[in-house]
Every structure is written in C-alpha cells, then in structure tokens.
Amino acid sequence: MQNLLKRQINVFLAGPRGFCAGVDRAILMVEETLKKYGKPIYVRHEIVHNKYVVDNLESKGAIFIDDLKEIKDRKRPVIFSAHGVPKSVPKNAKNLNLEYFDATCPLVSKIHREVENFEQKKLPIILIGHKNHPEVIGTMGQINSKIYLVENKEDVYKLDIPTDKEIAYVTQTTLSLDDTKSIISEIKKKYLKVIEPKKNDICYATTNRQNAVKKIAQDCDLFIVIGAKNSSNSLRLVEVANEYGAKKSILLEDVNKFKNSLLNEVANIGITASASAPEILVQNFISDLEKNYQVILHESDYIKENVNFNIPHKLKNL
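Residue numbers restart at each chain and count upward from 1, following the sequence in its written direction. The predicted nature of this model means local features are confined to residues of pLDDT at least 70 and side-chain atom pairs, given and counted, to a pLDDT of 80 or more, with totals for whole chains, interfaces and linings taken over all residues. The basis for every side-chain value is the complete set of non-hydrogen atoms in the structure, without hydrogens or water.

Draft legend 1. How the structure looks around the sheet that holds strand β11 (residues 249–252). Being paired, for any two strands, means DSSP has found at least two bridges between them. In DSSP terms, a helix is any run of H or I states spanning at least four residues, a strand is any run of E spanning at least two, and both are numbered starting from the N terminus. Strand order across the open sheet formed by 5 strands is β11-β10-β12-β1-β13, with parallel pairing between neighbours. Two strands in the sheet have a free side with no partner beyond their single neighbour: β11 and β13 (293–298). When strand polarity is set aside, the average angle formed by the axes of neighbouring strands in this sheet is 25 degrees. Of the pairings in the sheet, the one linking strand β10 (residues 222–226) to strand β12 (residues 268–273) comprises 5 bridges and is parallel in character. Looking at the pairing, Ile-224 lines up with Ile-271 of β12. Contacts are assigned to residue pairs that have any heavy atoms within 4.5 Å of one another. Each axis is a line fitted through C-alpha atoms, taken for helices only over the stretch in contact, and angles between the N-to-C directions span 0 to 180 degrees. Of the strands in this sheet, β10, β11 and β12 are in contact with helix α10 (residues 232–243), which crosses β11 at around 160 degrees. Docked against the sheet, helix α11 (residues 279–292) engages β1 (7–13), β10, β11, β12 and β13, running at close to 140 degrees with respect to β13.

Draft legend 2. Structural detail: the packing of aromatic side chains. Each Phe, Tyr or Trp ring (for Trp, its six-membered ring) is paired with any other whose centre lies within 6.5 Å, and the angle between the two planes then decides the class: stacked below 30 degrees, edge-to-face above 60, tilted in between. Evaluation of the coordinates by the stated rule reveals 3 aromatic pairs. Seen from their ring centres, Phe-80 and Tyr-100 are 5.1 Å apart, and the 20 degrees between their planes marks the pair as stacked. Here Phe-80, found in strand β4 (residues 78–80), pairs with Tyr-100, found in strand β5 (residues 100–102); they are 20 residues apart in sequence, far enough to count as distant. Only protein chains enter the accessibility calculation, which uses a 1.4 Å probe; a residue is then buried when its area is under 20% of its type maximum, exposed when over 50%, and partly exposed in between. In this structure Tyr-100 comes out as partly exposed when scored by relative accessible area, which is 26%. The interplanar angle of 90 degrees and the centroid separation of 5.0 Å between the aromatic rings of Phe-258 and Phe-285 together place this pair among those described as edge-to-face. Placement of Phe-258 in the loop between β11 and β12 and of Phe-285 in helix α11 is noted, with a sequence separation of 27 residues between them. Note on accessibility: Phe-258 and Phe-285 belong to one class, buried. Only when the NZ of Lys or the CZ of Arg is both within 6 Å of the ring centre and within 35 degrees of the ring normal is a charge said to sit over the ring. Just above the ring of Tyr-302 sits the side chain of Lys-304; from NZ or CZ to the centre is 4.2 Å.

Draft legend 3. Highlighting the packing of helix α9 (residues 204–216) against α10. Where α9 contacts α10, the two axes come as close as 9 Å, and the packing angle between them is 30 degrees. The pairing of α9 with α10 is recorded here as roughly parallel in orientation. Here α9 and α10 pass one another in a crossing that is right-handed. Touching Arg-209, Gln-210, Val-213 and Lys-214 of α9 are Arg-236, Leu-237, Val-240 and Ala-241, all from α10. Here the contact of α9 with α10 is built from residues that sort into 4 nonpolar, 1 polar and 3 charged. The cut-offs work like this: below 35 degrees is roughly parallel, past 145 is roughly antiparallel, 65 to 115 is roughly perpendicular, and the gaps in between are oblique. Should the near helix be turned anticlockwise from the far one by less than a right angle, the crossing is termed left-handed; should it be turned clockwise, right-handed. Any residue that is not Ala, Val, Leu, Ile, Met, Phe, Trp, Tyr, Cys, Pro, Asp, Glu, Lys or Arg is counted as polar, Gly included; the first ten are nonpolar and the last four charged.

Draft legend 4. Quick peek at the side chain of Arg-17. Structurally, Arg-17 can be placed in the loop between β1 and α2 (21–37). For Arg-17, a relative accessible area of 12% corresponds to the buried category. We define a polar contact as two N or O atoms separated by no more than 3.5 Å, with the added condition that, inside protein, one atom must be a possible hydrogen donor and the other a possible acceptor, whereas residues neighbouring each other in sequence contribute only through side-chain atom pairs. A distance of 2.8 Å separates a polar atom in the side chain of Arg-17 from the backbone oxygen of Ala-14. Separated by 2.9 Å, the side chains of Arg-17 and Glu-279 make a polar contact. Those residues in contact with Arg-17, other than ones at most four positions away along the chain, are Arg-209, Thr-272, Ala-273, Glu-279, Val-282, Gln-283, Glu-299 and Tyr-302.

Draft legend 5. The arrangement of the side chain of Gln-210 in detail. Position of Gln-210 relative to the elements: it lies in helix α9. By relative accessible area, Gln-210 is classed as buried at 1%. The contact partners of Gln-210, leaving out residues within four places of it in the chain, are Leu-175, Ser-176, Leu-177, Arg-236, Leu-237 and Val-240.

Draft legend 6. Region of the structure containing the pattern of salt bridges. Every case where a carboxyl oxygen of Asp or Glu lies within 4 Å of a side-chain nitrogen of Lys or Arg is listed as a salt bridge. Taken as a whole, this structure holds 17 salt bridges when the rule is applied. The residue Glu-116 makes a salt bridge to Arg-113 at a minimum N-O spacing of 2.8 Å. Of this pair, Glu-116 and Arg-113 both sit in helix α5 (residues 106–120), 3 residues apart, which is roughly one turn of the helix. The exposure class of Glu-116 is buried, given its relative accessible area of 18%.

Draft legend 7. Quick peek at the environment of Thr-180. Note that Thr-180 resides in helix α8 (residues 177–190). Thr-180 gets classed as buried once you look at its relative accessible area, which sits at 4%. Considering only alpha carbons, one finds Thr-180 and Lys-36, 144 residues apart in sequence, at a separation of 41 Å. Non-local contacts of Thr-180, meaning those with residues more than four positions away in its chain, are made with Ile-128, Thr-171, Leu-175 and Ile-202.

Draft legend 8. Just the sheet that holds strand β3 (residues 62–65), in detail. The 4 strands lie next to each other as β3-β2-β4-β5, forming an open sheet whose pairing is parallel. Two strands close off the open sheet at either side, each with one partner strand: β3 and β5. The sheet shows a mean angle of 25 degrees between the axes of neighbouring strands, direction not considered. With 3 bridges joining them, strand β2 (residues 41–44) and β4 adopt parallel strand pairing. Bridge pairing in β4 links Val-43 to Ile-79.

Put into structure tokens, the structure is as follows:
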C-alpha cells in the first residue's frame, strides 16, 4: 500500500555507462601496487576524475600529489594517472630514483605514438582538445615540436600554418563526437592536405556513452549525469543530453546532495555515469529515489563492452 502513495517516476538508464577499460586498469594498478608494496604509495594527479574513487583509494593508503617533489619517502612507488603525462615526468622520476608505474590509458598512449610519428614526418600537428586538461598537457609534452591546440572552430581560423602545407591532427579521447566532427570539417576546409589518425582518436567508451544518452535524452524531463566537474567526458555527456532533447540536464558530483526539489513536475528522468564514475553511485542514487518515489526502471538491451587492458606484468599476482 505504501508504494501506491508515492508519486511514480520513470527512470531511463543509459547503457553502457560507468567505468571504461582504461579506468578499470588504472584503479586496479593502484590497488595491486598497494597489495605488493604496502602503504603508502603515491599517485601523481587524480588517478581518474572522480572524488568517490579518489577518496576510496586514499582510505587504502594512496597519497595523491601534483608534483613528484611532494614525495617524502622516495623508496615508495608512484603511479601516473590514466590521463597520461608529458615525457618530462618519467624522466624526472628516474632522476629522483623513484620506482614508477604508468597507468596511462592505452588509447591515450596511442595518440602519444601518433604525435611522435607525425613529428618524425615533420608535419605541423593540430590537437583538438581542452586547454589545461591533463590529457592535453600529457599529449603536448610528448614531443619537442610545437603542437597547435584548437578548442573550437574559431581557433582553426586563427591558425597561422600556411594553408598549402600538409598538416596532421589528433584529438583528445573524451570529446563530443558532434563537436569534433565540426572542427575537423573546418580544418579540412582550410587545409588541402590533411593527414588523419588511422583510427578515430575518441575512445570507444566515450562514443558508446554519448550514443546511449542520445537514444533516451528526448524521453527525459531531466537528465542526470553522475560524474565530476573536472571530467571532460562527464561534461560532454551533459551537453549531449541537452542537444538531443532532454528538457534539462545536470551534472551530479555527490549523489547524497541531490535536491529532490529538482523533481517537482518531473515525470521522466534519465541517468548515466561517466567513464570515471562507478556503477555503485548509480545504484545508490536509485535507492535514494525509491525512498520517496515509486521508481519504474527502463533499461534497453545494449551490447556489453568486453574491452580489457592488461596491467604491467610486475603488478600481476603471480
């Protein structure tokens, strides 16, 4: 009887959602390093952009730092985050005699190799990405040559590379597919000879999560993206939900701080989690909703992701 007194609300779950293989690998590397070396261990930059994940790893003995100079005990290992680092970082680690493990996502490492390859060919390189994002900083720090960063179509117009010159481009892995297409289109309008990456640089998980949001956004009065403000893929999901028909979309960093007043006059909500947000946050949010509403869950069948990235052999349980 109690359920009948609660207002009904439809919850459309995007699928796939949550952790990608690169995030799974990075977190596992921290956990396995803690098992092998004991605590504390150091992690340069947030291993992934999610407070829940970072807090959980801190409770197990990880110490997060922004600079290798912050490491007090140089006998302890350090891990580089999934976003990738400039080449100067492992070089500095060696100079400090630090043992380090690189948790850079293999899909980001692929872009690093592309940049190196383009430099060897003496091609001007354009990077489509967001200024000051750790992944962009890492990619731009792979080579000595200048990389031209563009964040939008207007930046393409401002490039001072001669238009008859052969150029190459790469992209940050967590961008909006639609925005990137429009920027690439502008690059191709301006430059006659454009060398593209052999494969799309935007990662499979970013693509899948954005497409999942596109499928259900138009059914939603409110779309909730569980993720972090400093997470590029989280912010892009909010944008995609807005662009594809959600009446309103928001980023929710802390599920415990959600205001039920946002659900006034809302009958249908969509939920997804960014590639760096764990599924437990989605389930906790739904459980909280069920305390006040009669929740009707809608989740379409979708192809499960089966991508897996190995951790370094030295960290595996032998």
